[in-house]
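# Examination of the molecular architecture
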Amino acid sequence: MYRNNSDLCTSPYCIKAANYLLESIDETIDPCENFYEFSCGKWIKNARISSESNKQSSITQIENDLEHTLADLLSSSPSHRTKKSKAITNARRLYSSCIDEDTIEMEDVDVIMSMINKEFGGWPVLQGSDWDESTFDFDRLMLKLSQYNNYIFYIVKTDVDEKNSSVRSIHIRPSKLVLDNLILYVNGIKAMSAYRRFFVYFTMALTDDSSTISKDLITLLDFEMDLVKYTLLLDKLDLRETVRTTVGNLSNIISFDSSNYIRRLYLLANISVIDTDTIIVTAPKLLHGISSIIDRQSPRTMQNYMIWRFMMDQARHMPKRFRNMLQQYTHVLSGTSTEESRTITCANYVNTMMNLPVTKLYIEEYFHKDARKETTEMINNIRNIFITMVNQSTWMDSKSKIIAIKKARAIKAKLGYPDYLESDNMMKLDKDYAEYNFNLSYMPNVLSVMQLHSKASLQMLRYPIDSEEWSDILPTTVNAIHRLLGNEILFPAAILQTPVFDKDAPKYLNYGGIGFFMGHEIAHGFGDEGKEYDMNGNKVSWWSKATVNAFDIRKKCFIEQYDDYTLTQVNHSINGEQTLDENIADDAALRQAFFAYQQWAKTHKNVDKKLPGLSKYSTEQMFFLSFGHTWCTKMTDAAASTYLLLDKHSPAQFRINGPTSNFVEFNRVFGCKAGQGNSRVKKCNIW
């Protein structure tokens, strides 16, 4: 049949989009049987997981492109567009010191070992029987490590107070150590052997006296095993429990002299805390249990363990032989077989440590300001659809509906980056990073950054809350979040990229891509967690009892649906309870994005043109194809097992097939019948 070419979009972007979709879709699969296989089948067959990674996906492709972009920006000379900035100069200096491997090798481990011996009290395993345990001071060592932003057992963080979101309070929670240990022990003998080897090789590379290495390793593993056993005894509710207390009363909640530790810690940043300052403790039973286990250990075990955990974190900054040991260990845990290039490692490090100067460089060169305007319009359209869905819901009572709609209208959307970075005035940026002064020696720079980050977090305690600031996500992160404590959703500049979003893309691609993310983040304000926070971000339950009960009945359908899915790659079923909140948000997101696109198309007839080679698909089908392609994913077996154990999201194929199989509009668009593989008879719906 002759087709008028004016129906086709032949812009450079449309040709690019047509190519990536044609290379993704597998037309031998019936979309009504398995939509994920249909939209990603060809992509999955051809995707290769690189040796330095454990995963390949549409999202990791954006991340890879971003990493190379950041490395280029940090290594090149300043562009004429960017005004002179001391912060940016120091970000580039930190990057230069990181990629200068010759100097890193030449300086060897002198700086870090000198600090371990002079400031931390030495590392017994390296000193054999010469280490004097009478010098051990647990509180002092905890304090010293915290000063370098290393919280071995308990993380102390300044954050918004959940009962009063206009002030900040002190938060204490278990460190990632507990999780790391669980992953290690769950991964079995192979992982444990790799961990032992890592410790032995690492310590042997630092000492001529290996006489106590084996014995020290045994006591260290016994201590870790005690921590794991205790953690496994606890109920999930124990791990989620939060207790609100004061500095003066903290030692009654966690056994060691934690009140004194908090006072001394904040004094390092010139902040005086008083007995009545609020502290929010997460998982107090776990923290109390950890303290009891610590009390039973010898000074040598504790000194060995705390320094080891610190050094494990520093291995990535050390000379090549130590990085190789770390690589061999992570290979067993996650399946990566080679270390990523040094330029990428360093770009990621500087991006994390000095993010806003890096963001400034990035948005100057790679972010079109029109993208903010268009995504703002999209969020408003999707929010309006969500409000309609709340209005139409049959399970929510009218009082809860009124509050839900007020909350939805009040959600603040932050797009791209903090507003002040758009200006050519570098004063705020340079003031915020005034203490970040680097030389050409990498390890001293690393130690300096750790201290600056620790100090910055502690100093926040007395700062007023600025509603314009970005918290919990960096503008150069390929992700999006809903901050319940701020009733705000954040979409970094880095995620507003192909194939998720492009200012020149037909709207069906954008709504199927970033539109889904937008709907997902909005929905998080109205799920199991979201119902506990009001429109101002305060922790207040605002659903009536009847509404909570009706929601609980409906969510059972989702738990059963996802419990029935099995990730055949590792022959392991999905945990419907663990992934519940995310599955409900995914389900609501697909509906919001689809209906918002439909609404837009009604008022913009024939604006969206078809893509070359894909003209047989309707614009609504293209919306779903864009949605499917966004989640195409391939993982190593090790990464897939860890993902199922820890991640709150379902694996990619179920993020596609779950919501589409619940959606009657998907059936209509593809002509599917209930009962086919991708169309459930019993459809789970909340919104």
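A brief structural summary. Bear in mind that the values here come from a model prediction, so they are computed numbers and not experimental data.

### Considerations on the overall build of the protein chain
The helix and strand tally for the protein chain stands at 31 helices and 11 strands. The C-alpha radius of gyration of the protein chain comes to 26 Å, within 12% of the 26 Å expected for a compact globule of 687 residues. Burial analysis of the protein chain (687 residues in total) assigns 55% to the buried set. Residue pairs at least 24 apart in sequence account for 76% of intrachain contacts in the protein chain once pairs closer than 6 positions are excluded. Approximately 29,300 Å² of the protein chain is accessible, and the part contributed by carbon and sulfur atoms is 52%. Averaging the locations of the 78 positively and 83 negatively charged side chains of the protein chain gives two centres separated by 5 Å.

### Brief notes about the environment of V669
Tracing the backbone through its elements, the reader meets V669 in helix 31 (residues 664-670). A relative accessible area of 11% places V669 in the buried class. Separated by 50 residues in the primary sequence, V669 and T619 have C-alpha atoms spaced 9.8 Å apart.

### Details of the state of the cysteines
Within this structure, the stated rule accounts for 5 disulfides. Linked covalently through their sulfurs, C32 and C672 form a disulfide whose S-S length is 2.1 Å. Taking the torsion about the sulfur-sulfur bond, which here is approximately -80°, the covalent link between C32 and C672 counts as left-handed. Residue C32 is found in the loop between helix 1 (12-22) and helix 2 (35-46), and its partner C672 is found in the segment after helix 31; the two are separated by 640 residues along the sequence. Among the residues examined, C32 registers a relative accessible area of 3% and is labelled buried. Two residues share a disulfide in this structure: C40 and C632, whose sulfurs sit 2.1 Å from each other.

### Quick notes on a nonpolar patch on the surface
On the surface, a cluster of nonpolar side chains totalling about 310 Å² of accessible area is made up of L179, V186, L645 and L646. Elements represented by at least two residues in the nonpolar patch include exactly helix 9 (176-186) and helix 29 (637-646). Along the chain, L179 falls in helix 9.

### A word on the environment of P651
Tracing the sequence through the fold places P651 in the loop between helix 29 and helix 30 (652-661). What makes P651 buried here is its relative accessible area of 3%. P651 sits 18 residues away from T633 along the chain, and the two C-alpha atoms are 8.6 Å apart. In contact with P651, not counting residues within four places along its chain, are L567, I574, Y643 and L644.

### A closer look at the side chain of E582
When you line up the elements, E582 lands in helix 27 (residues 580-603). Reaching out from E582, the side chain makes a polar contact with the side chain of H520 at a distance of 2.8 Å. Ignoring anything within four residues of it in the chain, the contact list for E582 reads H520, H524, K648 and H649.

### A word on the sheet that holds strand 6 (residues 412-416)
One open sheet holds the 3 strands; their spatial order is 6-8-7, and the pairing between them is mixed. Both outer strands of the open sheet, strand 6 and strand 7 (481-483), are each paired with one neighbouring strand and no more. Averaged over neighbouring strand pairs, the angle between their axes works out to 20° when direction is ignored.

### A closer look at the sheet that holds strand 4 (residues 242-246)
Read from one edge to the other, the open sheet built from 4 strands follows the order 2-3-5-4, with strand pairing classed as mixed. Edge positions in the sheet fall to strand 2 (154-160) and strand 4, since each of these pairs with one other strand and no more. Sheet twist, expressed as the average angle between the axes of neighbouring strands with direction ignored, equals 25°.

### A few points about the packing of helix 28 (residues 619-630) against helix 30
Put simply, helix 28 and helix 30 touch, their axes get as near as 9 Å, and they point 150° apart. On helix 30, the residues that touch F624, F627 and G628 of helix 28 are R655, I656 and T660. In terms of residue class, the contact of helix 28 with helix 30 is made up of 3 nonpolar, 2 polar and 1 charged.

Conventions we followed
- Residues numbered from 1 in each chain as written.
- Predicted model: local features only at pLDDT ≥ 70, side-chain atom pairs only at ≥ 80, totals over all residues.
- Heavy atoms only, no water.
- Helix = DSSP H or I, 4+ residues; strand = E, 2+ residues; numbered from the N terminus.
- Rg over C-alpha atoms; globule rule 2.2 N^0.38 Å.
- Buried < 20%, exposed > 50% of the residue type's maximum accessible area, 1.4 Å probe, protein only.
- Contact = heavy atoms within 4.5 Å.
- Areas by Shrake-Rupley, 256 points an atom, 1.4 Å probe, with all protein chains shown as cover.
- Lys, Arg positive; Asp, Glu negative; His and termini not counted.
- Charge placed at Lys NZ, Arg CZ, Asp CG, Glu CD.
- Disulfide = S-S within 2.5 Å.
- Patch = residues over 30% accessible without salt bridge, like charges linked within 9 Å, V, L, I, M, F, W, Y side chains within 5 Å.
- Salt bridge = Lys/Arg side-chain N within 4 Å of Asp/Glu carboxyl O.
- Polar contact = N/O pair within 3.5 Å; in protein donor to acceptor, adjacent residues only side chain to side chain.
- Pairing = 2+ DSSP bridges.
- Axes fitted to C-alpha atoms, helices over the stretch in contact; angles between N-to-C directions.
- Nonpolar A, V, L, I, M, F, W, Y, C, P; charged D, E, K, R; others polar.

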